[in-house]
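Here are the chains, one letter per residue:
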Amino acid sequence: MNAFKYETHLHTAQASKCASSLGREYIKAFNDIGYTGIFVTDHFFGGNTSVPFDADWETRINQYCSGYEDALAEAEKFNRANGLLGTEKEFKVFFGIEQTFDGDDYLIYGLDKKWLINHPEFETMRHKEVFAEVNKVNGLMIQAHPFRLRDYIQAIHIHPRDIHGIEIYNAGNQPVENELAEFYAKKYDFPLTSGSDIHRISFIPDAPGKLPLGGMIFETPLKDIFDYAERIKKKQGTLIK
């Protein structure tokens, strides 16, 4: 059986203040460990963004998308150089968003750069409003690491409404945080996802015994981000955990 592995939760230094690797640096690094693609999900303006707040909206969105675009351009060069372009093993880069509401993080798939430029009100939309917009384009909205507890997180909030699924494995979590997320998701019968929440390529395991990065495995390659959204909603795919 073929296995097509995708990292679903990844940050770049261009747009996430807490990240230190550029978009382009992830391509070969993930290909070398057997992944077929990545989803760039940088922190949007409700979270730990490196995008300045005093620039005009389009300038801000251009910078926000620059990590994804850097990774996308590098993937095209990598695929051409290695004869992968147009094959099922072509390394893919998909665009996503991580937005934060009152300390709770959500992975959003399906709203692209053009949509963001045309909707400056997105910055102040609340959870339910964003969910409605994601549904309009048949996208996907996942609550990320719902039981993560850190000094910068004031409280844990579960939100079993206005989401499509739960990230139940995150490589940056303590095991108990992942276990609670899985219990919660299964109690509500939500689709499950896995992602590493990687911020730098040094986070990639370089020795046996380290926690797996995370991500999703499918038997056939993903066509686009909406294909991913549909498969997750149908509870397809195997979690890397």
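Residues numbered from 1 in each chain as written. Predicted model: local features only at pLDDT ≥ 70, side-chain atom pairs only at ≥ 80, totals over all residues. Heavy atoms only, no water.

## Observations concerning the pattern of salt bridges
Stage number 1. Applying the stated criterion across every chain, the model contains 14 salt bridges.
Stage number 2. Across the pair Arg60 and Glu123 runs a salt bridge, and its minimum N-O distance is 2.8 Å. With Arg60 in helix 2 (residues 57-64) and Glu123 in the loop between helix 4 (113-118) and helix 5 (127-136), this residue pair connects regions lying 63 residues apart in the sequence.
Stage number 3. Two residues, Asp189 and Lys235, come together in a salt bridge whose shortest N-O distance is 2.6 Å. With a gap of 46 residues between them, Asp189 in the loop between helix 6 (175-187) and strand 7 (192-195) and Lys235 in the loop between helix 7 (225-233) and strand 9 (238-240) connect regions that are remote in the sequence.
Stage number 4. Since its relative accessible area comes to 53%, Asp189 is described here as exposed.
Stage number 5. Accessibility expressed as a relative area gives 45% for Lys235, which makes it partly exposed.
Stage number 6. Each of Glu182, Lys186 and Lys241 takes part in a single network of salt bridges with overlapping partners. (Salt bridge = Lys/Arg side-chain N within 4 Å of Asp/Glu carboxyl O. Helix = DSSP H or I, 4+ residues; strand = E, 2+ residues; numbered from the N terminus. Buried < 20%, exposed > 50% of the residue type's maximum accessible area, 1.4 Å probe, protein only.)

## Here's the deal with the sheet that holds strand 5 (residues 140-143)
Stage number 1. On the basis of which strands lie adjacent, the open sheet formed by 9 strands has the order 7-6-5-4-3-2-1-8-9 and mixed pairing. Edge positions in the sheet fall to strand 7 and strand 9, since each has one partner strand and no second. When strand polarity is set aside, the average angle formed by the axes of neighbouring strands in this sheet is 30°.
Stage number 2. Sheet topology places strand 2 (residues 35-43) next to strand 3 (residues 92-101); 7 bridges connect them, and they run parallel. Paired with Asp42 across the two strands is Ile97, which belongs to strand 3.
Stage number 3. Of the strands in this sheet, strand 3, strand 4 (104-109) and strand 5 are in contact with helix 5, which crosses strand 5 at around 145°. (Pairing = 2+ DSSP bridges. Axes fitted to C-alpha atoms, helices over the stretch in contact; angles between N-to-C directions. Contact = heavy atoms within 4.5 Å.)

## Looking at the side chain of Asp227
Stage number 1. Position of Asp227 relative to the elements: it lies in helix 7.
Stage number 2. Judged by its relative accessible area of 12%, Asp227 falls in the buried class.
Stage number 3. There is a polar contact of 2.9 Å between the side chain of Asp227 and the backbone nitrogen of Lys223.
Stage number 4. Non-local contacts of Asp227, meaning those with residues more than four positions away in its chain, are made with Pro221 and Leu222. (Polar contact = N/O pair within 3.5 Å; in protein donor to acceptor, adjacent residues only side chain to side chain.)

## Side note on the packing of aromatic side chains
Any two aromatic rings considered together are summarised by their centre-to-centre distance and by the angle between their planes.
Stage number 1. Taken as a whole and assessed by the stated rule, the structure comprises 23 aromatic pairs.
Stage number 2. Seen in terms of ring centroids, Phe39 and Tyr109 are 5.4 Å apart; in terms of plane orientation they differ by 85°. Their pairing is edge-to-face. In this pair, Phe39 sits in strand 2 while Tyr109 sits in strand 4, placing the two residues 70 residues apart along the sequence.
Stage number 3. A relative accessible area of 1% places Tyr109 in the buried class.
Stage number 4. Arranged with centres 6.4 Å apart and planes meeting at 70°, the rings of Phe44 and Trp57 form a pair that is edge-to-face. On the criterion of sequence distance, the pair formed by Phe44 in the loop between strand 2 and helix 2 and Trp57 in helix 2 is long-range, its members being 13 residues apart.
Stage number 5. Through a chain of ring-to-ring contacts, three or more aromatic side chains come together here, namely Phe44, Phe45, Phe53, Trp57, Tyr64, Tyr68, Phe95, Trp115 and Phe122.
Stage number 6. Against the face of Phe45 rests Arg60, its NZ or CZ located 4.2 Å from the ring centre.
Stage number 7. Looking at Lys89, its charged tip hangs above the ring of Phe4, at a distance of 4.6 Å from the centre. (Phe/Tyr/Trp six-rings, centres within 6.5 Å; stacked < 30°, edge-to-face > 60°. Lys NZ or Arg CZ within 6 Å of the ring centre and 35° of its normal.)

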